[in-house]
Protein chains: 4
Amino acid sequence: MTADRPLRADARRNRAKVLEAAETVFATRGTGASTEEIAQAAGVGIGTVFRHFPTKEALLEAVFLSRLDRLAAQLRAAADQPDPGRAFREQIALAVDASPAKNAIADALAAAGVELDAVKAGVGTGVRDALDLLLRRAQSAGAVRADLDVPTVMALLIGASYGVEAAGDDRGRRALVINVLLDGMSAG
Amino acid sequence: MTADRPLRADARRNRAKVLEAAETVFATRGTGASTEEIAQAAGVGIGTVFRHFPTKEALLEAVFLSRLDRLAAQLRAAADQPDPGRAFREQIALAVDASPAKNAIADALAAAGVELDAVKAGVGTGVRDALDLLLRRAQSAGAVRADLDVPTVMALLIGASYGVEAAGDDRGRRALVINVLLDGMSAG
Amino acid sequence: MTADRPLRADARRNRAKVLEAAETVFATRGTGASTEEIAQAAGVGIGTVFRHFPTKEALLEAVFLSRLDRLAAQLRAAADQPDPGRAFREQIALAVDASPAKNAIADALAAAGVELDAVKAGVGTGVRDALDLLLRRAQSAGAVRADLDVPTVMALLIGASYGVEAAGDDRGRRALVINVLLDGMSAG
Amino acid sequence: MTADRPLRADARRNRAKVLEAAETVFATRGTGASTEEIAQAAGVGIGTVFRHFPTKEALLEAVFLSRLDRLAAQLRAAADQPDPGRAFREQIALAVDASPAKNAIADALAAAGVELDAVKAGVGTGVRDALDLLLRRAQSAGAVRADLDVPTVMALLIGASYGVEAAGDDRGRRALVINVLLDGMSAG
DNA sequence: TATGAATGAGCATTCATTCAT
DNA sequence: TATGAATGAATGCTCATTCAT
């Protein structure tokens with residue numbers, strides 16, 4: 001009975017608009033931003049936000065997952081670069097530098113009692129697998145210490161994200177933070 | 001700056017009770033915990049909380065600063081240990097492992113638009129100076145890379161706190177995270 | 001008054017489906033049930049519900065009237081039974097026992113400020129006339145007190161419906177409530 | 001620590017104001033009336049309403065219980081009248097005639113899934129016991145049929161309340177409804 | 001005509017903050 | 001100075017109704 005086309009195009013567009021607006025607003029004003037504010041930023045009625053995301057928590061989660069999806073895609077794209085050590089380093093640096101806003105969202109979700117691991121697991125083979133590949137290759141190439149596994153690298157990534165955030169606007173300092181992390185991860 | 005009328009003994013006691021309760025409650029239930037809940041935990045009326053801390057933000061700030069004060073004291077106590085490199089490493093590890101709950105508070109403050117740097121500066125010569133001493137000595141001893149300065153170390157500390165938190169309950173993983181950080185900071 | 005273009009066959013079918021679903025849903029989940037829920041139960045889109053009943057109130061009214069229609073038909077069918085007193089008693093008992101769900105609807109309508117009398121008048125010669133016939137015959141036969149008129153009997157019916165509802169699931173108690181009512185209405 | 005006097009006087013007065021306003025507003029505009037409206041009618045802030053009644057449901061319940069309490073008091077006061085049959089009849093008539101607005105509240109509570117019986121039981125020995133006394137005495141005096149028990153009388157009372165309400169403004173008709181009920185309850 | 005996405009007014013509830021006692 | 005009742009702005013969420021497809 002219910003197909004998936006007619007107005008579905010508009011609906012999908014609205015969903016995307018909301019998601020995008022939410023990402024921006026949460027990043028800008030924090031996760032405490034009101035749903036109303038997001039609706040306005042998206043240019044839709046508040047009812048529309050709740051139609052697509054039945055709960056503020058659901059919206060937060062969706063934003064978080066969409067970020068993780070993008071990260072996974074990015075990591076995957078780097079998997080076939082020639083120099084495994086370099087690929088690893090570059091991706092870590094990129095991931096860390098891009099993530100500050102994600103942290104707040106993760107925090108908010110955690111505060112709401114959401115099982116973050118479960119959520120991440122939902123991304124499935126996403127980030128985890130992509131990272132796994134990058135890491136293994138870098139370790140095989142002798143570029144990264146052998147005692148690191150994916151969960152630990154993820155913890156380090158998260159930490160570095162906050163570290164970079166704490167470093168403020170000073171480009172040099174941010175780079176230094178990342179550099180320390182990479183040095184710590186390198187073999188030898 | 002602020003006139004510091006010594007504060008009647010019972011008043012001071014109340015202030016301390018509130019601060020302590022706030023630290024516990026914020027750590028336990030998150031910074032979203034209501035002021036009322038803190039008042040109850042402290043065994044005082046809500047009016048008393050607001051008499052001592054005119055704003056929830058002020059209370060959060062006070063809790064954060066009190067933690068920093070304790071950290072400063074700890075760092076200072078380590079300044080005269082014989083082996084500067086070891087002292088540095090030990091203190092970093094200690095600070096990081098003890099800090100998880102602090103993070104949420106710093107986040108909340110940041111979200112509230114409080115200039116964290118300013119606040120930290122307010123601890124004055126506290127953490128900053130103690131850390132400066134430890135760092136310089138370790139660098140002179142050739143145990144820590146020379147391109148690190150205090151603000152960067154603080155950023156790294158903050159990041160490592162979150163990293164450890166993200167590592168979860170796995171003792172080994174937590175240690176590994178700290179280890180990576182220390183390796184990254186070490187000279188050579 | 002209202003132009004009654006025969007309504008395309010499928011349209012009529014939809015109208016009936018909605019009415020039926022509404023009756024069930026209102027009875028099951030109360031009159032606070034959302035229109036959306038009714039649409040789903042009827043297997044139609046929400047737009048269709050509103051096409052046939054421009055207002056939730058209108059839908060409620062239609063359900064109510066449809067019940068009254070059935071009641072009228074039932075009363076009419078009993079009009080030619082041989083024993084007028086017995087017919088009256090049986091019909092009263094039947095009407096009362098079947099009506100609990102109707103009460104909630106009548107309440108909701110009343111709460112919405114609908115003139116219930118006007119609505120009932122709309123059923124026209126329906127319940128009123130059928131009841132009139134039954135009552136007169138029973139009174140003529142000396143089975144029912146002479147000071148009762150149709151409006152009063154209707155008020156008693158409504159009251160008894162709620163009484164039975166209040167009696168709960170206890171079959172014996174429900175019967176007793178009806179019995180008291182019938183005794184009160186009987187002559188002598 | 002917490003005594004029960006100082007500002008308690010004001011608080012109690014406010015609680016009473018809210019309860020009274022709620023009773024009026026619910027009776028006037030139905031139980032769908034907004035809490036805000038009640039706050040305004042009571043001349044207090046909306047927060048005050050929620051301080052005293054943590055939920056709209058709780059407020060509804062309190063209003064209902066307060067009515068039942070008054071009814072119980074009234075019934076109890078009639079217990080020592082000389083003529084038990086007369087006392088019973090008078091009290092039933094009074095209770096029924098005074099109750100219209102109560103019905104809506106009972107309905108709302110029932111709709112909210114509140115166990116009405118439990119609530120009524122909470123009035124404790126209130127209405128139930130007072131009614132029990134009246135009923136027994138009237139039955140002993142041979143004025144009321146012996147097969148009635150308290151729960152059934154309560155169901156009849158509720159039904160009669162609605163019946164009277166349905167009878168509208170016509171004094172004569174209202175009296176007739178009550179009369180039928182009393183006749184049905186009388187012995188012989 | 002049917003559909004269901006969009007809309008936004010309306011509601012219950014929370015909580016930081018104020019102030020009378 | 002301590003208390004806790006009062007306040008009301010703000011928020012998440014629901015639902016009847018509209019309208020583009």
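Residues numbered from 1 in each chain as written. Chains lettered and ligands numbered in written order. Predicted model: local features only at pLDDT ≥ 70, side-chain atom pairs only at ≥ 80, totals over all residues. Heavy atoms only, no water.

Residues and numbers for the protein's contact with DNA strand F, please.
Residues in contact with DNA strand F amount to 38 residues; listed here are only the nearest, Thr48 of chain B together with Arg8, Asn14, Thr48 and Arg51 of chain D. Lysine 56 of chain C places a polar main-chain atom, nitrogen or oxygen, 2.9 Å from a phosphate oxygen of DNA strand F. Within the backbone of glycine 47 of chain D, an N or O atom sits 3.2 Å from a base nitrogen of DNA strand F. Those elements giving two or more residues to the surface near DNA strand F turn out to be α3 (46–52) of chain A, α1 (9–29) and α3 (46–52) of chain B, α3 (46–52) of chain C together with α1 (8–29) and α3 (46–52) of chain D. In the surface near DNA strand F, the residues fall into 14 nonpolar, 17 polar and seven charged. (Near = heavy atom within 4 Å. Polar contact = N/O pair within 3.5 Å; in protein donor to acceptor, adjacent residues only side chain to side chain. Helix = DSSP H or I, 4+ residues; strand = E, 2+ residues; numbered from the N terminus. Nonpolar A, V, L, I, M, F, W, Y, C, P; charged D, E, K, R; others polar.)

Describe the UniProt feature "DNA-binding region" (unreviewed entry) in chain A, with residues and values.
UniProt annotation of "DNA-binding region" (unreviewed entry) refers to residues 34–53 of chain A when read in the numbering used here. The span residues 34–53 of chain A is 75% helical and 0% strand by assignment, and the distance between its end C-alpha atoms comes to 14 Å. (UniProt positions renumbered as here; feature names shortened; annotations may be inferred.)

Quick one: what's the story with the side chain of glutamate 23 of chain B, residue by residue and with numbers?
Note on placement: glutamate 23 of chain B falls in helix α1. Those residues in contact with glutamate 23 of chain B, other than ones at most four positions away along the chain, are Val63, Ser66, Arg67 and Arg70 of chain B. (Contact = heavy atoms within 4.5 Å.)

Give me the confidence of the model for chain A: which residues, what numbers.
Summary statistics for chain A give a mean pLDDT of 85 and a share of 82% for residues scoring 70 or more. Between residues 1–5 of chain A, whose pLDDT stays under 50, and residues either more than four places distant or in other chains, the model counts zero contacts. (pLDDT = per-residue confidence, 0-100.)

Please set out the UniProt feature "domain: HTH tetR-type" (unreviewed entry) in chain A residue by residue, giving values where relevant.
Here, UniProt's "domain: HTH tetR-type" (unreviewed entry) annotation points to residues 12–71 of chain A. Span residues 12–71 of chain A is 82% helix and 0% strand, its end C-alpha atoms 22 Å apart.

Give a detailed account of the packing of aromatic side chains, specifying residues and quantitative values.
The description of an aromatic ring pair uses the distance of the two centres, along with the angle that the planes make with each other. Following the criterion strictly, the structure yields two aromatic pairs over all chains and no others. Judged by centre distance (3.5 Å) and plane angle (10 degrees), the ring pair of tyrosine 162 of chain A and tyrosine 162 of chain B falls under stacked. Of this pair, tyrosine 162 of chain A sits in helix α9 (residues 150–166) while tyrosine 162 of chain B sits in helix α9 (residues 150–167), placing the two residues on different chains. (Phe/Tyr/Trp six-rings, centres within 6.5 Å; stacked < 30°, edge-to-face > 60°.)

Lay out the pattern of salt bridges with the relevant residues and their values.
Residue and element names in this part refer to chain C. All told, the structure shown has 43 salt bridges over all chains when counted by the stated rule. With its nearest N and O atoms 3.3 Å apart, the salt bridge here joins arginine 174 to aspartate 97. One end of the pair, arginine 174, is in helix α10 (residues 171–185); the other, aspartate 97, is in helix α5 (residues 84–98), and 77 residues separate them in sequence. With relative accessibility at 28%, the residue aspartate 97 sits in the partly exposed group. Arginine 145 is paired through a salt bridge with aspartate 147; the nearest N and O atoms lie 3.0 Å apart. Residue class for arginine 145 comes out buried when judged on its relative accessible area of 11%. Take aspartate 147: its relative accessible area is 39%, and that puts it in the partly exposed class. (Salt bridge = Lys/Arg side-chain N within 4 Å of Asp/Glu carboxyl O. Buried < 20%, exposed > 50% of the residue type's maximum accessible area, 1.4 Å probe, protein only.)

I'd love a proper account of the relation of the copies chain B and chain A, names of residues and values included.
When chain B is brought onto chain A, the operation consists of a screw motion whose angular component is 178 degrees and whose axial shift is 0.1 Å, with 0.4 Å RMSD remaining. What the rotation and shift describe, once combined, is the action of a two-fold rotation axis. (Least-squares fit on C-alpha atoms with pLDDT ≥ 70 in both.)

Kindly report on the relation of the copies chain C and chain D, identifying the contributing residues and their values.
When chain C is fitted to chain D, the residual RMSD is 0.3 Å, and the transformation amounts to a turn of 179 degrees plus an axial shift of 0.0 Å. When the interface residues of chain C are mapped onto chain D, 100% of them again lie at the interface, so the same face is used by both copies.

Give a detailed account of the interface of chain B and chain A, specifying residues and quantitative values.
The partner chain A presents 24 residues to the 24 residues of chain B that form the contact. In total, chain B and chain A occlude about 1900 Å² of area from one another, counting both sides; carbon and sulfur atoms represent 70% of this. When residues of chain B are sorted by the area they lose upon contact with chain A, Arg173, Leu176 and Val180 of chain B head the list and together hold 27% of the total. Across the chain B-chain A interface, the total number found is four salt bridges. A salt bridge links arginine 145 of chain B to aspartate 183 of chain A; the shortest N-O distance between them is 2.9 Å. On inspection of chain B and its partner chain A, the count reaches six residue pairs in polar contact (both at pLDDT 80 or more). The set of elements that each furnish at least two residues to the side of chain B that touches chain A consists of α9 and α10 (171–185) of chain B. At 10 residues, the largest contribution of residues to the side of chain B that touches chain A is made by α9 of chain B. Residues belonging to the side of chain B that touches chain A are distributed by class as follows: 13 nonpolar, five polar and six charged. (Buried area = accessible area lost by both parts, 1.4 Å probe.)

I'd love a proper account of the packing of helix α5 (residues 84–98) of chain D against helix α10 (residues 171–185) of chain D, names of residues and values included.
Residues and elements named next belong to chain D. α10 packs onto α5 with a crossing angle of 135 degrees between their chain directions and a minimal axis gap of 11 Å. If you check the angle between α5 and α10, you find them oblique. Between α5 and α10 lies a crossing whose hand is right-handed. Only Arg171, Arg174, Ile178, Leu181, Leu182, Asp183 and Met185 of α10 make contact with α5, whose side of the interface consists of Phe88, Arg89, Ile92, Ala93, Val96 and Asp97. For the contact of α5 with α10, the per-class residue count stands at eight nonpolar, no polar and five charged. (Axes fitted to C-alpha atoms, helices over the stretch in contact; angles between N-to-C directions. Parallel < 35°, antiparallel > 145°, perpendicular 65-115°, else oblique. Left-handed = near helix turned anticlockwise from the far one by under 90°.)

Kindly report on the domain arrangement of chain A, identifying the contributing residues and their values.
Residues and elements named next belong to chain A. When the domains of chain A are assigned, the result is domain 1 (1–54) and domain 2 (56–185). Summing both partners gives a buried area of about 1100 Å² for domain 1 against domain 2, and 73% of it is carried by carbon and sulfur. Interface area lost by domain 1 to domain 2 is led by Glu23, Phe26 and Thr31, which between them contribute 51%. Between domain 1 and domain 2 we count two salt bridges in total. Between glutamate 23 and arginine 70 there is a salt bridge, and its shortest N-O distance comes to 2.4 Å. Taken together, domain 1 and domain 2 are joined by four residue pairs in polar contact (both at pLDDT 80 or more). Secondary-structure elements contributing two or more residues to the side of domain 1 that touches domain 2 are α1 (8–29) and α2 (35–42). (Domains from an automatic or database assignment.)

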